[in-house]
Each structure stands twice: as C-alpha cells, then as structure tokens.
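Residues per chain are reported as follows:
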Amino acid sequence: MSLKKASILFAAAMIARTAFSQVPPARTHMPDVPFFLESMIFRSLQMAVFPAAAVGMIDDPYSDLIWNPAFVLRQDKKSVYLTLNTGAEPSWTASAASSDYRNFYRYSSDKQVMTYWSTQSSIANVNNKPLYNIAAIIPLNPRFSLSVMNRTIFDYSPYRSMGLYDWRDSNYGDAPSTMKKEPQRLSVDKDQQRVFGNQFQVSLGYRLSDKIQLGLRWGLFTYDRDGDVHDSDKGIYPHSSFDNLLSETLGIKGHHLEAGVGLLWQLDNKTRLGFYGGLTWGKGEESLNSRDRNSDWSENERNPAYYRRYDNDLTSAETHPADGSRPNLALTFERDFSEKLRFRSFFSFTWSNNDLKGSALSEYASSWDTTYDYYDGDSKQYFFRRSEYRSRSRDDFSGTGKEKTAQFKGFASLAYAPANRWAFFGGVHIQRGTYSRDILETTAFLSESETAHTLYRPGTENFHHSYQKNYDVRIDYDQWAFFLPLGMRFEIKKGLYVILGTDLTLILTEGHDRGDVDYISKITRRWENGRLIVNDEEFNRSEVFRSDSPNTLERHLGNRFGIVYEFNSLLAFHLRCEDDVTRTSNWACGFEIRW
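Since the structure is predicted, the reported quantities are computational estimates derived from the model, not experimental observations.

### Notes on the overall build of the protein chain
Okay, so step 1: Looking only at helices and strands, the protein chain features six helices and 16 strands.
Okay, so step 2: Taking all 595 residues of the protein chain together, the buried fraction comes to 47%.
Okay, so step 3: Here the contacts in the protein chain between residues at least 6 apart in sequence split such that 76% fall between residues at least 24 apart.
Okay, so step 4: Of the accessible surface of the protein chain, which amounts to about 27,700 Å², a share of 57% is contributed by carbon and sulfur atoms.

### Section: the confidence of the model for the protein chain
Okay, so step 1: When the pLDDT values of the protein chain are averaged, the result is 84; 85% of them are 70 or greater.
Okay, so step 2: Across residues 88–107, where pLDDT falls below 50, the model places 73 contacts with residues more than four positions away in sequence or in other chains.
Okay, so step 3: Counting interchain partners and residues more than four positions distant, the pLDDT-below-50 stretch residues 163–188 has 51 contacts.

### Observations concerning a nonpolar patch on the surface
Okay, so step 1: On the surface, a cluster of nonpolar side chains totalling about 720 Å² of accessible area is made up of Val428, Ile430, Trp480, Phe482, Leu484, Leu504, Leu508, Leu553 and Leu557.
Okay, so step 2: Residue assignment for the nonpolar patch shows that the elements contributing at least two residues are strand E11 (422–454), strand E12 (459–493), strand E13 (496–528) and strand E14 (531–566).
Okay, so step 3: Counting residues per element, the nonpolar patch draws most heavily on E12, at three residues.
Okay, so step 4: Classification of Phe482 as partly exposed rests on a relative accessible area of 31%.

### A word on the nonpolar core
Okay, so step 1: Phe42, Phe50, Ala54, Tyr62, Trp67 and Met149 are the most contacted members of the largest nonpolar core, which has 35 residues in total.
Okay, so step 2: Of all the elements in the fold, those that place two or more residues in this core are helix H3 (45–48), helix H4 (64–67), strand E2 (132–139) and E13.
Okay, so step 3: Apart from residues lying up to four places away in sequence, Ala54 is in contact with Met47 and Phe483.
Okay, so step 4: In this structure, Met30, Val126, Phe221 and Ala322 belong to the second largest nonpolar core, which totals 31 residues.

### So, the packing of aromatic side chains
Okay, so step 1: Applying the stated criterion across every chain, the model contains 24 aromatic pairs.
Okay, so step 2: Ring centres of Trp368 and Tyr389 lie 5.5 Å apart, and the angle between their planes is 20°; on these two criteria the pair is classed as stacked. Here Trp368, found in strand E9 (residues 341–376), pairs with Tyr389, found in strand E10 (residues 381–419); they are 21 residues apart in sequence, far enough to count as distant.
Okay, so step 3: For Trp368, a relative accessible area of 29% gives the class partly exposed.
Okay, so step 4: Take Tyr389: its relative accessible area is 22%, and that puts it in the partly exposed class.
Okay, so step 5: Relative to Tyr382, the ring of Tyr375 has its centre 5.1 Å away and its plane inclined at 55°; by these criteria the two rings are tilted.
Okay, so step 6: Residue classification places Tyr375 among the partly exposed residues on the basis of a relative accessible area of 42%.
Okay, so step 7: By way of ring pairs, the aromatic residues Trp67, Phe71, Phe346 and Phe411 are connected into one cluster.
Okay, so step 8: The residue whose ring lies beneath Arg217 is Tyr276, and the NZ or CZ to ring-centre distance is 4.8 Å.
Okay, so step 9: In this structure, Arg489 is placed above the aromatic ring of Tyr497, and the distance from its NZ or CZ to the ring centre is 4.0 Å.

### A few points about unusual backbone geometry
Okay, so step 1: Despite not being glycine, Arg457 has its phi angle at roughly 50°, a positive value.
Okay, so step 2: Inspection of the secondary structure puts Arg457 in the loop between E11 and E12.

### Description of the layout of surface pockets
Okay, so step 1: One number sums up the size of the second largest pocket: a volume of about 1,400 Å³.
Okay, so step 2: In terms of lining, the second largest pocket is formed by 45 residues, of which the most central are Gln46, Ile58, Asp59, Asp60 and Arg489.
Okay, so step 3: Per-class residue counts for the lining of the second largest pocket are 23 nonpolar, seven polar and 15 charged.

### Notes on the pattern of salt bridges
Okay, so step 1: Across all of its chains, the model carries 41 salt bridges by this definition.
Okay, so step 2: The residue Glu388 makes a salt bridge to Arg386 at a minimum N-O spacing of 3.4 Å.
Okay, so step 3: Arg386 sits in the partly exposed class, given a relative accessible area of 26%.
Okay, so step 4: Here Glu566 makes a salt bridge to Arg489, at a shortest N to O gap of 3.7 Å. Within this pair, whereas Glu566 is found in strand E14, its partner Arg489 is found in strand E12, the two being separated by 77 residues in sequence.
Okay, so step 5: Among the residues examined, Glu566 registers a relative accessible area of 28% and is labelled partly exposed.
Okay, so step 6: Put simply, Asp59, Asp64, Arg74, Arg272, Glu334, Asp336, Arg342 and Arg344 are held in one network by salt bridges that share partners.

### Observations concerning the side chain of Asp155
Okay, so step 1: Checked against the element boundaries, Asp155 lands in strand E3 (residues 144–157).
Okay, so step 2: At 8.2 Å, Arg225 is the nearest oppositely charged side chain to Asp155, a buried residue that forms no salt bridge.
Okay, so step 3: Only 2.9 Å separates the side chain of Asp155 from the backbone nitrogen of Asn127, close enough to count as a polar contact.

### Focus on the environment of Val72
Okay, so step 1: In this fold, Val72 is placed in the loop between H4 and strand E1 (79–85).
Okay, so step 2: In this structure the C-alpha to C-alpha distance between Val72 and Ser145, which are 73 residues apart in sequence, comes to 6.3 Å.
Okay, so step 3: If sequence neighbours within four positions are ignored, Val72 has contacts with Leu65, Ile137, Ser145, Leu146, Ser147, Leu204 and Gly205.

### Things to note about the pairing of strand E6 (residues 240–266)
Along a regular strand, successive side chains alternate from one face of the sheet to the other.
Okay, so step 1: Bridging between strand E5 (residues 212–236) and E6 involves 25 bridges; their strand directions are antiparallel. If you follow Gly215 over to E6, its bridge partner there is Gly262.
Okay, so step 2: The antiparallel hairpin formed by E5 and E6 contains three residues in its connecting segment.
Okay, so step 3: With 27 bridges joining them, E6 and strand E7 (residues 271–299) adopt antiparallel strand pairing. Following the sheet pairing, Glu258 is matched in E7 by Thr280.

### Overview of the environment of Arg432
Okay, so step 1: Mapped onto the elements, Arg432 comes out in strand E11.
Okay, so step 2: The spacing of Arg432 and Phe482 is 50 residues in sequence and 9.0 Å in space, taken between C-alpha atoms.
Okay, so step 3: If sequence neighbours within four positions are ignored, Arg432 has contacts with Ala406, Gln407, Phe408, Asp478, Gln479 and Trp480.
Okay, so step 4: A distance of 2.7 Å separates a polar atom in the side chain of Arg432 from a polar atom in the side chain of Asp478.

The rules behind each value
Residues numbered from 1 in each chain as written. Predicted model: local features only at pLDDT ≥ 70, side-chain atom pairs only at ≥ 80, totals over all residues. Heavy atoms only, no water. Helix = DSSP H or I, 4+ residues; strand = E, 2+ residues; numbered from the N terminus. Buried < 20%, exposed > 50% of the residue type's maximum accessible area, 1.4 Å probe, protein only. Contact = heavy atoms within 4.5 Å. Areas by Shrake-Rupley, 256 points an atom, 1.4 Å probe, with all protein chains shown as cover. pLDDT = per-residue confidence, 0-100. Patch = residues over 30% accessible without salt bridge, like charges linked within 9 Å, V, L, I, M, F, W, Y side chains within 5 Å. Salt bridge = Lys/Arg side-chain N within 4 Å of Asp/Glu carboxyl O. Core = buried A, V, L, I, M, F, W, Y, C linked by side-chain atoms within 4.5 Å. Phe/Tyr/Trp six-rings, centres within 6.5 Å; stacked < 30°, edge-to-face > 60°. Lys NZ or Arg CZ within 6 Å of the ring centre and 35° of its normal. 1 Å grid on protein atoms, 1.4 Å probe; cavity = no way out; pocket = protein on both sides within 12 Å on 5 of 7 lines; lining within 4 Å. Points joined across faces, edges and corners; volume = space filled by probe spheres on them. Nonpolar A, V, L, I, M, F, W, Y, C, P; charged D, E, K, R; others polar. Lys, Arg positive; Asp, Glu negative; His and termini not counted. Polar contact = N/O pair within 3.5 Å; in protein donor to acceptor, adjacent residues only side chain to side chain. Pairing = 2+ DSSP bridges.

Pasting the structure below:
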C-alpha cells in the first residue's frame with residue numbers, strides 16, 4: 001500500500017474512524033469541498049515517484065515552492081511542466097466526511113423526517129481528482145522570477161447512484177393493475193450531477209541582494225458542485241389516477257484565498273536559511289433541498305363503493321455553511337558539505353480554525369381514505385368498513401461548532417550526486433497532528449396521527465410523539481507518523497534515467513470521542529376512542545456516550561518506480577508508477593519544456 005493510500009495525513013484517517021465509533025455522529029459538518037484551505041501541491045513526476053512526505057528532501061524547482069516561494073529564483077531557465085495524472089495530489093488537511101451525518105438515524109433511536117429515496121439510494125460520488133497539473137517558471141530578469149500553477153476539477157455524472165423505487169409501481173395490496181405506470185406517461189426524468197473547480201497560484205521572487213531573496217505567494221481556489229433528481233409523472237384513468245413528484249437538489253460551493261511571504265538568506269557559500277509565513281482563509285456551504293409529493297386514487301371497477309385515496313407531501317431544506325482560516329509557518333535550512341553532498345532540514349507548523357453551522361427543517365403530511373371488507377373473527381363474517389387516516393411530522397434541527405487541526409512536520413535528508421549519471425538520497429520525516437471537533441446541536445421533533453373507523457365498529461386512534469434534545473459531541477484524535485524513504489536515480493542510456501525507491505511508513509493513532517444527549521422532554525401518548533391509554537413523559541433525561549479507540553500502529557512499505565527521458569536540453573518526458581506496475585491506473589505522464 002502506498003503512503004497516499006495509507007493516509008499519513010492525519011485528519012482523513014481520524015475522521016474515517018468516527019463513522020464506526022460508539023458515539024453517534026453529529027449532523028453538523030464541514031461542507032464537502034475538496035482541497036479546502038489547502039495550498040496547491042505541485043510536484044514533477046520524478047519527485048512524485050515518492051509520496052508527498054518526501055517533498056523538499058531533494059532539490060526540485062516546483063515542489064520546493066511549497067515550502068518557500070523565494071525558491072523560484074533558483075532556476076535561470078524558463079520552463080513549463082504538465083502532468084496528466086489519474087490520481088489526485090494528496091491532501092494536507094481534511095474536513096469532516098459529510099456522509100457521516102446522513103447515517104445519523106442509524107445510530108439513534110430517535111425518529112427523523114426523511115425522504116424515502118434517501119434510504120433506498122445514495123448520492124453518487126464525483127471525481128474530485130484534478131484533470132491536469134500545470135506549472136510554469138519564468139525568470140523575468142536577473143532580479144525577478146515568476147511562477148504560475150494551475151489545476152482543474154471537472155466531472156459530469158448521475159446524481160443518485162441507483163434508480164428510485166416507488167412501491168406504487170407494482171401491484172401492491174389492493175392497487176389495481178391500471179396503477180402500473182405506463183412509460184409514455186413519464187413527463188420528466190432527470191438525474192444529473194456536475195462539478196467544476198479550479199485552483200490558481202502565483203509566486204513572485206525578487207532578489208534583494210546577492211544574499212537575500214524575497215518571495216510572495218498568492219492563490220485562489222473555487223469549487224462548485226450541484227446535482228438534482230426530478231421525477232414527475234401523472235396519469236388519469238377511468239377508475240384510477242396518480243400524480244407523483246420526486247425532487248431533490250444538492251449544492252456545494254466553496255472558495256479560499258491564500259497569501260504569504262518568504263525570505264531566503266545566503267549565510268555563507270555553503271549555508272542557506274529560509275522562512276515563510278502565510279495565511280489561507282475561505283468559506284464553504286452545502287445545501288440539500290427535497291420534495292416528495294404523492295397522490296393516487298383508485299376504485300373497484302364493478303363496485304365504486306370500494307375505493308382508496310392516498311396523499312402525502314414532504315418538504316425538507318438543509319444547509320451547512322462554514323468559514324475558516326489556516327496560518328502556516330515554515331523554516332528551511334540547507335548545508336552543502338561538498339559539491340556532491342547536500343543536507344536539507346525543513347520544518348513547518350500549521351493550524352486551522354473552522355466555524356461550523358447547520359440547520360434543517362423537514363415537514364411531512366400524509367392522509368388516506370379507504371373502504372374495504374373487514375373480517376370479524378367472532379362472527380366469521382365480512383363487514384363493509386371505512387378507514388380514514390391523517391398524520392403530520394416536523395423535524396427542526398440547528399447546530400453550531402468548531403473544528404480545529406494542528407500539524408507539525410519536519411524532515412532531515414542527505415542527497416549524494418557524485419556524477420551526472422547517478423544520484424542517491426535518504427531521509428527521515430516526522431509528523432504530528434491533532435484534530436478536534438466540538439459540536440452543539442438542538443433538535444425538536446413532533447409526530448402526530450389520527451385514525452378513524454366508521455360504518456362498522458366505529459372508533460378512533462390517536463398518537464403523539466415528540467422530543468426536544470441537545471446533543472454535545474466532541475471528537476479528539478492525535479497522530480504520529482514516521483516516514484523513511486530511500487531513492488536512487490541512474491542513467492541507463494544517454495538521456496534515459498530510471499528512478500527506483502522504497503520507503504517505510506509508521507503511523508500511530510490515538511482517539512477519544514464523547515457525546516452527551518440531554519432530553520429536555522420526550523413524550524409519547526396514545527388514545528383509543530378518546531381515552532388516554534399510554535402517557536410516557538420524560539423530562540431532563542441524559543444519555544452519555546464514550547468511546548476511547550484503541551491505539552493503532554500501521555506499517556506500510558512502498559516500492560517506487562519512475563522513468564525520465566530527456567530528448568535534449570529543451571524537452572523531457574517523465575513516467576511514474578505507484579506500487580503495482582501491472583495496473584495502468586497507477587501510471588502517470590508528465591512533460592517539461594525548458595528554454
């Protein structure tokens with residue numbers, strides 16, 4: 001398993017484990033915006049042969065800019081690099097997985113107002129991997145150099161991952177055969193999802209003197225995802241009719257800005273020191289709106305006294321906005337022991353603070369009216385009977401919270417290049433990350449129903465269920481990661497280089513979850529013929545959830561392979577493979593032009 005798949009970047013692994021925790025997940029969550037509050041990580045493929053933890057261990061004109069934009073002054077030639085990669089660049093931070101809150105009802109005995117298709121189908125995943133990565137380094141004059149990086153996310157796919165199932169499509173119960181929908185009566189059928197995102201980053205370097213270089217960074221990221229399903233059909237027959245509408249829309253939007261400044265000092269002919277400070281800030285929002293309306297009527301063709309009428313209407317609106325910021329500090333140190341041996345030691349510290357909000361309001365109303373033959377077990381006879389039913393439900397939810405991360409990482413490496421034909425490097429990378437999420441949620445739920453029987457054995461049944469609760473949940477995770485890579489590049493033919501490597505990853509994770517539920521009230525009542533027969537009332541009831549996940553130690557060994565072919569001093573071709581060389585999906589291609 002590669003380091004990327006192993007998720008050395010702590011937050012993704014931490015959050016994934018919360019879905020299996022004993023503590024019910026919070027519904028309030030970060031909008032599902034990929035790469036939110038993340039700097040653009042660009043690596044040429046000879047650098048990307050190794051996972052992102054190796055960035056900076058050896059000189060690379062593109063990936064060095066991640067640490068300090070002043071490194072743009074190191075290259076004296078213009079260059080353009082394009083990568084066509086089936087895999088996404090690794091994520092340095094992560095947001096809460098939005099799929100957790102959609103499964104909230106599975107972890108709780110409480111009822112919720114939900115559309116029926118939300119339990120029978122799921123929102124399909126989209127491809128959030130960049131279609132390409134392109135970068136250009138342009139020395140403008142002896143004092144100024146410019147770097148531009150860009151990548152785009154695009155996908156167009158179905159919104160729901162499976163077809164919607166409606167029980168009225170079948171001969172269920174007393175439904176006559178005419179209620180089976182005819183294909184030509186389908187008026188609207190839409191199930192589509194679109195996603196577009198773009199990240200743009202500029203670095204400008206200025207040589208203040210022979211010993212001091214200044215670098216400025218500015219970046220912009222935008223993301224827009226929308227999806228909808230709309231299925232409307234209507235039919236009028238001599239003895240039946242139906243009018244159904246299924247509609248849902250999803251909107252996810254986000255953006256962030258990044259600004260930073262870096263300095264590089266040439267302490268002497270062999271020693272260089274650098275500093276970078278930057279800030280990334282942005283906003284995101286996720287909204288989900290649903291409508292489920294169904295109405296049908298049917299009667300017995302030979303005896304219209306037997307009929308059935310059914311109506312329901314559900315509306316739901318949910319939104320989850322968030323805004324946050326992520327400062328970043330980095331220190332770089334380089335020492336040339338000789339022309340062939342270079343030592344590098346880089347350190348960075350970054351932390352994020354995200355303010356989360358969530359609100360949802362769902363309302364449902366249903367009724368039916370039917371006549372039928374009722375079998376009386378005592379007299380063993382059938383009697384004509386009519387039943388009427390009405391119900392309504394309401395689910396009102398709101399939540400606020402904070403999500404915080406902190407991450408320290410540092411490495412030390414040695415790169416040895418005794419000749420142009422081959423080079424070797426090795427290093428050690430240490431990373432520590434913490435993640436915490438504090439959420440406070442309030443929910444008010446109400447469900448009421450009334451059933452009335454007439455014509456034979458008249459009577460009524462009434463039901464009431466409601467609750468008001470506050471849910472306070474906290475998630476804490478702590479992770480250590482150690483990464484030890486070894487790599488070699490050697491020339492097997494003029495212009496043709498092979499890169500081989502291996503690396504060991506150790507990941508130690510510790511987690512603590514807690515959830516406190518305080519029911520202000522929880523009431524269940526039931527009446528028969530106006531007489532109260534059930535009256536359960538609870539006030540100020542508490543439930544406590546605790547889950548201390550066992551500490552886990554993961555070990556992963558990766559094998560790396562890449563090819564670089566330099567046609568001449570102007571053009572180079574790069575080929576990279578992760579792990580299994582027999583799988584074409586693990587291969588990626590890159591092209592570089594220098595002049």
